[in-house]
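Chain by chain, the residues:
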Amino acid sequence: AWLLLQGGGGEKGGGAAGDVAQLDAQIALHYGVPYAASVMAFDPVQRLLAVGTLDGRIKIFGGDNIEGILISPKSMPYKYLQFIQNQGLLIAVSNENEIQVWNLEFRQLFHSSQWDTNITAFSVIEGTFLMYLGDENGLLSVLKYDLYDGKLQKMPYNVSIHSLAEAAGVPLLDTQPIVGILPQPNTLGTRVLIAYEKGFLVLWDVSEDHAIAVRGYGDLHMKGQVTGAQTHASEDQIDNVDENEEEREICSLCWASRGGSTVAVGYITGDILLWDMTAVSSRQGKQTDVSSNVVKLQLASGSRRLPVIVLHWSAGSAKDTTKGGKLFVYGGDDMGSEEVLTVLSLESSNGLESVRCASRVDLKLDGSFADMILIPDTGVPDKIRTSALFILTNPGQLNFYDGGALFSARKSEEEYAQPEAQKFPVVVPTIDPSITVTDMYSLTGREHPSISLKKFCARQIVAPPISGNMKWPLTGGVPSEMSLKEDHAVERIYVAGYQDGSVRIWDATFPILMPMFVLDAKVPDVILDGANASVSSLAFCSLNMTFAVGTTSGLVRMYKLQENSGDSSFHFVSGSKQEVHAVHHGRGFHCNIAFMASNSPVRSLRFTSSGEALAVGYQNGQVAMFDASQLSVMFSVDCTSGTNSPVVSVSNYSIGASAAKAGPPQKEIATSAKFPTDVVLSLSKDARLTVVDSTSGLIINSLLLDEKQSSALLMYVIIDGASDEEQAQLPEDKLPCQSQTGKEEHVLDQKQVHGAETNKKNASLHPQSGGSDSLLLVCFEDVVLLFSLASMIQGSNKHLHKTKLTKKCCWSAIFKNKDDKACGLILFYQTGIIELRSLPSLDILAESSLMELLRWSYKTGMGKTMSSSNGQIALVNGSEFAIISLIDSENDFRIPESLPCLHDKVLAAAAEAAMSISIDQKGKQNPAAGVIGGIIKGLKGKADENANLRKSFNSQTPSELLESIFLKGPYVEPSLAYPDDPIEELVSMQMT
């Protein structure tokens, strides 16, 4: 999930911002299925799933919450995606015919090559670095990826449609594209089925340069139609097939037998033909019984049917691989019918002519179909059994079926049992349930709470939640060594509130989120009105490990993150009333206090510095203060002068604690009896700031900050002038706590202040305080204002600095430097632009965009689910979740040791060793027979040359022998099958 991709953003400003780290936006984390996905690929050795999109992204899914995102320099759709198995390499072909080679170990695009013609078919030869490529002109080419120079090489070998047709004795009137390439099983890529657009099929042997079999609609001799494939077909239905059917376009194809003796071909008409590829073509005068060449599958009886877009085959369980299997079909139904994926169970007792459809199951789709893939089981010889079926739909949905359920479905009295689809287990749920608010909190320096959370987190790490006894098929990737250390402390947590009232918390210390616990909205044996309402605000105090959860019903729940079980008491406080309930619950963290002071939705929460009291801002403009230690509502007051404008931000400020290091204005209000020691600051959407006595609830001042009534977003209290030593001397109970909106007090970096004082542009920033007054930063949609906090408390709304924004802002955050001092402001605009500005001058340092970083477009309300922790921004977009790391000096998520690896080199080495041993044993038994013997025999020449080739088998791998064939140009002559061809013996007449 952690790929470091360089974002945009050169320096845009200067002056006082010289010490601020420059924007180096990188994707630190990405979870979820991308929007507009188009194609999938699977590595059966590494157990990784890849998903390509229409906007140039590739998503990698592994095990243990390991996910990754690769982003192409160009935003373009991918039409082909295949792994070079067990090598950590992924080949992607775009609609613009760019061939890309991605290295998963380094998470980089290693090579790209632009193909001159339109690529219409593509296939990597299993176990090699070679790949077949077909184009719009009917040319079959071969490419090789060279590991040493990291580039794609075009091999000399190629076969044009005209030379192939001439060799096969087939007259062709015009050029037609290659629409499918299928290397035949058990031939190591030496035999390949080539499908042309208008129905021409050729099984071609590259080692012998001749056609093994030729099929096509011009050569139709059909036995009949397979029964049982139609939804309402009768058991004894067999239709005669017109042998003079016109040529029609091929849309899809797949092998429909284990050994490659039968191929299933889908056509634009909605037909599916099963072709026998073992017999020599009748055009060559060798076929004795053309009636068994082909049979037809028809899913619907209508005259207008959908094209058969996708075909896949699974041999089924190991017991019945010689009797048939499952054919997965997308398309073929009547026009206007419900979109489904059809699974046909085909059986055969004696070759193709005895094929029958034993059952049909229609799998309903969750969205618009994009692709499907069958996941082979592990530990099964030849990977013939399917452990899972993945179905990709849009927008951004990935469902899967247990292979055992698909193959064990039994016929009931009326119909076949419908297998149950399961949702892809997401790390961070965003849609089901719907996410409503988020935050990130740093626990650095809070050693004891961190240790307790670490222990609890370790117990909660479990496999993805999957129903039944299914084993999760994706296990690829290796977690980072740092995250696996037992003594690591939880230094950062990510928190999300949901529409169902629940709250989920993850360990976000390392670049992989680990689920810790879920805070349930319900209290055992207690009925709370509005308990299941949507979560609208969050706050956290790391001093006493207390969470506050505000909801749209006005209810505020509080949780102590101290694990306990058994009996405990729950307190419900409403106005002057207090209820106490004895509750019994299991292990974990539970709600112990709930407050209700208003029925209006909670918009903002803020703990006091000690964590004992909580300030709450409501949708109707009210502000309340809750005392958790005394279990009381201290006050509730209207802060909007009757306008009922929503409170968008609240903050607590201690005047007395800041007076010692403050300038004259602050000391004046601290010593004045007119002003209290502690105040609550409330900012409403209509730009009204209200100062409230934290103890009595009396309104001290109410100011309109922006006369133009610009919508206010957030405010930040910045403690100005504190040095590191002075910060260390602050008592523990005065350290700032954190809130959902990031409105904690921030210590301003003095280097920034001094830089501003030397800049003529900002020379008048602090005319009254001399640079030692605390500041209040207020962000609006179209302007950012900086105020002297002391002056505002006294009733002055005169700003120190004003910066107009050219675009509408929807979210903002403060970030700090290594010394934990505020040094910059992050602004997020409704255009998707992310901007970095200096403090206090507010100069633009750099910018990037969601489109540039993530290929995301801005969506209304996106700012509500954004959160930040010191330069890291968490974002949600549909089913996708991401964390962006903005600052190059911030290294928590950027050190290589903290990143999980997407390629398991240990597993790769073990698999390579096992393969070498297997090939070596077969070679010792009969080095000149089988597939290798066929390769050697295919290279026609003198006897001594063939003898030398046989000797070379001991020193060359099958891949190297195949490569030696492609180093020579194609030699094409009229085809003539060898009667004693050893490869022919590998192909069975049955559905094997």
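- The name an unreviewed UniProt entry gives the protein is Anaphase-promoting complex subunit 4-like WD40 domain-containing protein, with Aegilops tauschii subsp. strangulata as the organism.
- The UniProt entry for the protein carries the following comment under Sequence similarities (unreviewed entry): "Belongs to the WD repeat L(2)GL family."

**Digging into the overall build of the protein**
Turning to step 1, where the next piece is worked out: If you tally the helices and strands in the protein, you get 14 helices and 61 strands.
Turning to step 2, where the next piece is worked out: Looking at the protein residue by residue over its 992 residues, the buried ones come to 60%.
Turning to step 3, where the next piece is worked out: Expressed as a percentage of contacts within the protein between residues at least 6 apart in sequence, the contacts between residues at least 24 apart total 61%.
Turning to step 4, where the next piece is worked out: Of the roughly 39100 Å² of accessible surface on the protein, 49% is carried by carbon and sulfur atoms.

**Quick word on the packing of aromatic side chains**
Turning to step 1, where the next piece is worked out: In this structure the tally under the stated criterion is 20 aromatic pairs.
Turning to step 2, where the next piece is worked out: Seen in terms of ring centroids, F106 and F110 are 5.9 Å apart; in terms of plane orientation they differ by 25°. Their pairing is stacked.
Turning to step 3, where the next piece is worked out: Of the residues examined, F110 reaches a relative accessible area of 37% and is grouped as partly exposed.
Turning to step 4, where the next piece is worked out: Of the aromatic side chains, those joined through ring pairs into one cluster are F61, F390, F400, F424 and W472.
Turning to step 5, where the next piece is worked out: Over the face of the ring belonging to Y498 we find R504, whose NZ or CZ atom lies 4.8 Å from the ring centre.

**Digging into the sheet that holds strand β14 (residues 178-183)**
Turning to step 1, where the next piece is worked out: Read across the open sheet, the four strands follow the order β14-β15-β16-β17; overall the sheet is antiparallel. Each edge of the open sheet carries a strand with a single partner, namely β14 and β17 (210-215). Looking at each pair of strands side by side, their axes are set apart by 20° on average, direction ignored.
Turning to step 2, where the next piece is worked out: One ladder, built from five bridges, connects strand β16 (residues 201-205) with β17; its direction is antiparallel. In the sheet register, W204 faces β17, and the bridge partner there is A211.

**Topic: the confidence of the model for the protein**
Turning to step 1, where the next piece is worked out: Summary statistics for the protein give a mean pLDDT of 79 and a share of 72% for residues scoring 70 or more.
Turning to step 2, where the next piece is worked out: Between residues 1-22, whose pLDDT stays under 50, and residues either more than four places distant or in other chains, the model counts 88 contacts.
Turning to step 3, where the next piece is worked out: Across residues 282-290, confidence stays below pLDDT 50; counting only partners more than four residues off in sequence or on other chains, it has 21 contacts.

**Digging into the sheet that holds strand β56 (residues 822-829)**
Turning to step 1, where the next piece is worked out: Strand order in the open sheet formed by four strands is β55-β56-β57-β58, with antiparallel pairing between adjacent strands. Taken across any chain shown, the strands that pair with only one partner, and hence form the sheet edges, are β55 (809-816) and β58 (844-849). In this sheet, neighbouring strand axes are inclined to one another by 20° on average, regardless of whether the strands run parallel or antiparallel.
Turning to step 2, where the next piece is worked out: Pairing of β56 with strand β57 (residues 833-838), which is carried by five bridges, proceeds in the antiparallel orientation. Residue pairing in the sheet places I826 in a bridge with L836 of β57.

**Considering the environment of L140**
Turning to step 1, where the next piece is worked out: Along the chain, L140 turns up in strand β12 (residues 140-146).
Turning to step 2, where the next piece is worked out: For the pair L140 and I161, spaced 21 residues apart in the sequence, the C-alpha separation amounts to 7.9 Å.
Turning to step 3, where the next piece is worked out: Sequence-distant contacts of L140, that is, excluding residues within four places in its chain, are made with Y132, L133, Y157, N158, V159, I178, I181, V192 and I194.

**Focus on the side chain of T120**
Turning to step 1, where the next piece is worked out: Mapped onto the secondary structure, T120 falls in strand β10 (residues 119-124).
Turning to step 2, where the next piece is worked out: Polar contacts involving the side chain of T120 include one to the main-chain carbonyl oxygen of I178, which spans 2.4 Å.
Turning to step 3, where the next piece is worked out: Setting aside anything within four residues of it in sequence, one finds T120 in contact with Y80, G134, D135, E136, P177, I178 and V179.

**Some details on the nonpolar core**
Generally speaking, nonpolar side chains in soluble globular proteins are found buried as a group.
Turning to step 1, where the next piece is worked out: Core analysis: the biggest nonpolar cluster contains 44 residues, and L777, L825, I834, L850, L854 and I884 have the highest contact counts within it.
Turning to step 2, where the next piece is worked out: For this core, the leading source of residues is β56, giving seven residues.
Turning to step 3, where the next piece is worked out: Counting residues in hydrophobic clusters, the runner-up holds 35 residues, among them V39, I58, Y78 and V427.

**Looking at unusual backbone geometry**
Turning to step 1, where the next piece is worked out: Of the consecutive residues D432 and P433, the connecting peptide bond is found in the cis state with omega at 0°.
Turning to step 2, where the next piece is worked out: Of note, P433 is situated in the loop between β30 (422-423) and β31 (435-442).
Turning to step 3, where the next piece is worked out: Note that the residue after L839, namely P840, is joined by a cis bond; omega there is 0°.
Turning to step 4, where the next piece is worked out: Within the fold, P840 resides in the loop between β57 and β58.
Turning to step 5, where the next piece is worked out: Unusually for a residue other than glycine, A36 sits at a positive phi of about 60°.

**What to know about the pairing of strand β25 (residues 340-347)**
Turning to step 1, where the next piece is worked out: Summarising burial for β25: seven of the eight residues are buried, a large majority.
Turning to step 2, where the next piece is worked out: As judged from the six bridges shared by strand β24 (residues 324-330) and β25, these two strands associate in the antiparallel manner. The partner of F328 across the bridge, within β25, is V343.

**Examining the pairing of β58**
Taken residue by residue, a regular strand's side chains alternate between the two faces of the sheet.
Turning to step 1, where the next piece is worked out: Bridge analysis of β57 against β58 gives five bridges, and the strand direction is antiparallel. Bridge pairing in β58 places R837 opposite I844.
Turning to step 2, where the next piece is worked out: Here β57 folds back onto β58 in antiparallel fashion, the turn holding five residues, of which L842 has a positive phi close to 65°.

**Some words on the environment of A496**
Turning to step 1, where the next piece is worked out: Mapped onto the elements, A496 comes out in strand β32 (residues 492-498).
Turning to step 2, where the next piece is worked out: Take A496: its relative accessible area is 0%, and that puts it in the buried class.
Turning to step 3, where the next piece is worked out: Put simply, A496 and P429 are 67 residues apart on the chain and 9.1 Å apart in space, counted from C-alpha to C-alpha.
Turning to step 4, where the next piece is worked out: The residues touching A496, leaving out its near neighbours within four places in the chain, are I435, V437, T438, S502, V503, R504 and W506.

**Observations concerning the pattern of salt bridges**
Turning to step 1, where the next piece is worked out: Using the criterion set out here, one finds 16 salt bridges in the structure.
Turning to step 2, where the next piece is worked out: One salt-bridge network, in which partners are shared between bridges, spans R248, D271, K296 and R305.

**Some thoughts on the side chain of Q46**
Turning to step 1, where the next piece is worked out: Checked against the element boundaries, Q46 lands in the loop between β2 (37-43) and β3 (48-53).
Turning to step 2, where the next piece is worked out: Polar contacts involving the side chain of Q46 include one to the side chain of N86, which spans 3.0 Å.

**Here's the deal with helix α1 (residues 161-168)**
Turning to step 1, where the next piece is worked out: Taken together, the buried positions of α1 are occupied by I161, L164, A165, A167 and A168. Across the axial projection of α1, the buried residues extend over an arc of 160°, all falling on one side.
Turning to step 2, where the next piece is worked out: Contacts made by the buried residues of α1 are with β13 (151-159), β15 (191-196), β16 and β17.

What counts, and where the lines are drawn
Residues numbered from 1 in each chain as written. Predicted model: local features only at pLDDT ≥ 70, side-chain atom pairs only at ≥ 80, totals over all residues. Heavy atoms only, no water. UniProt positions renumbered as here; feature names shortened; annotations may be inferred. Helix = DSSP H or I, 4+ residues; strand = E, 2+ residues; numbered from the N terminus. Buried < 20%, exposed > 50% of the residue type's maximum accessible area, 1.4 Å probe, protein only. Contact = heavy atoms within 4.5 Å. Areas by Shrake-Rupley, 256 points an atom, 1.4 Å probe, with all protein chains shown as cover. Phe/Tyr/Trp six-rings, centres within 6.5 Å; stacked < 30°, edge-to-face > 60°. Lys NZ or Arg CZ within 6 Å of the ring centre and 35° of its normal. Pairing = 2+ DSSP bridges. Axes fitted to C-alpha atoms, helices over the stretch in contact; angles between N-to-C directions. pLDDT = per-residue confidence, 0-100. Polar contact = N/O pair within 3.5 Å; in protein donor to acceptor, adjacent residues only side chain to side chain. Core = buried A, V, L, I, M, F, W, Y, C linked by side-chain atoms within 4.5 Å. Salt bridge = Lys/Arg side-chain N within 4 Å of Asp/Glu carboxyl O. Arc of directions from axis to C-beta.

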